[in-house]
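Chain by chain, the residues run as shown.
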Amino acid sequence: MKTFDHLTVVGLREWVALPDLGVAGLRAKIDTGASTSSLHATEIEPFVRDGVEWVRFNAHLGTLVQLRHRRCEAPLVAIKTIKSSNGHTQVRYVIRTGLALGDRVWSVEFTLACRKSMRYRLLLGSKALIDGQLVVNPAFKYVQDKPVFPVTTTSATGVA
């Protein structure tokens, strides 16, 4: 059997933070079947700042029982058409921001989507797993410690 010592093991669920957006203590679902990561966001408004396209949105961070949100702003990376597992397509805004998981921080692209009917507000897709050099052990949950906060890596901002 081959082993890969340079890869970090994560479980099916992990605690993450989005330090550049001022978000900590967020439970993420690890989804190897999804290519792109997704963040639950509403009231999404594109705007231009100093000639650069940005997007402003409410990032929903709590659970269905304990609701909380934060108004955030981030440079707009792209607008993508995403095909969901049930075959429906949806146009979504894409941002890139730092993701903290355990003791590591790296830049991840997120589509902004309404995930209010989903249990987890953040879905971590395969591109983020590859970039973070992570492997998933589906027998475990919350393998990594909660990320230390705050740490910043990009210019995206959380707005109180």
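About the thresholds
Residues numbered from 1 in each chain as written. Predicted model: local features only at pLDDT ≥ 70, side-chain atom pairs only at ≥ 80, totals over all residues. Heavy atoms only, no water. Salt bridge = Lys/Arg side-chain N within 4 Å of Asp/Glu carboxyl O. Helix = DSSP H or I, 4+ residues; strand = E, 2+ residues; numbered from the N terminus. Core = buried A, V, L, I, M, F, W, Y, C linked by side-chain atoms within 4.5 Å. Buried < 20%, exposed > 50% of the residue type's maximum accessible area, 1.4 Å probe, protein only. Contact = heavy atoms within 4.5 Å. Polar contact = N/O pair within 3.5 Å; in protein donor to acceptor, adjacent residues only side chain to side chain. pLDDT = per-residue confidence, 0-100. Phe/Tyr/Trp six-rings, centres within 6.5 Å; stacked < 30°, edge-to-face > 60°. Lys NZ or Arg CZ within 6 Å of the ring centre and 35° of its normal.

Naming follows an unreviewed UniProt entry, where the chain appears as Ribosomal protein S6 modification protein of Pseudomonas versuta.

(A) The arrangement of the pattern of salt bridges in detail. Inspection of every chain in the model, using the stated rule, returns six salt bridges. Residue Arg56 pairs with Glu45 through a salt bridge whose shortest N-O separation is 3.7 Å. Within this pair, whereas Arg56 is found in strand β5 (residues 52-60), its partner Glu45 is found in strand β4 (residues 37-49), the two being separated by 11 residues in sequence. Taken together, the salt bridges that share partners define one network made up of Glu45, Arg49, Arg56, Arg71 and Glu73.

(B) The nonpolar core, seen in detail. Counting 28 residues, the largest nonpolar core has Leu18, Leu39, Phe57 and Leu122 as the members making the most contacts within it. Not counting residues up to four positions away in its chain, the partners in contact with Leu122 are Val16, Leu18, Leu26, Arg27, Ala28, Lys29, Ser38, Leu39, Phe110 and Arg115.

(C) Broad picture of the side chain of Glu73. Tracing the backbone through its elements, the reader meets Glu73 in strand β6 (residues 69-83). The class of Glu73 is buried, set by a relative accessible area of 9%. A polar contact of 2.6 Å, which involves the side chain of Glu73, links it to the side chain of Arg49. Looking at Glu73, its side chain comes within polar contact range of the side chain of Arg56, at 2.9 Å.

(D) Representation of the confidence of the model for the chain. Put simply, the chain has an average pLDDT of 84, and 84% of its residues get 70 or more. For the chain, strand β11 (residues 157-159) is the element with the lowest average pLDDT, namely 53, and helix α1 (residues 126-131) is the one with the highest, namely 96. In the predicted structure, residues 151-155 sits below a pLDDT of 50 and forms 15 contacts with residues beyond four places in sequence or in another chain.

(E) Examining the packing of aromatic side chains more closely. Inspection of every chain in the model, using the stated rule, returns two aromatic pairs. A ring pair is formed by Trp15 and Tyr142, whose centres lie 5.7 Å apart and whose planes are at 35 degrees; its orientation type is tilted. On the criterion of sequence distance, the pair formed by Trp15 in strand β2 (residues 13-18) and Tyr142 in the loop between β10 (134-136) and β11 is long-range, its members being 127 residues apart. Among the residues examined, Tyr142 registers a relative accessible area of 29% and is labelled partly exposed. Arranged with centres 6.3 Å apart and planes meeting at 35 degrees, the rings of Phe47 and Trp54 form a pair that is tilted. This pair shows no difference in class: Phe47 is buried, exactly as Trp54 is. When the ring centre of Phe47 is taken as reference, the NZ or CZ atom of Arg56 above it lies at 3.9 Å. Sitting above the plane of the Trp15 ring, Lys146 keeps its charged end 4.1 Å from the centroid.

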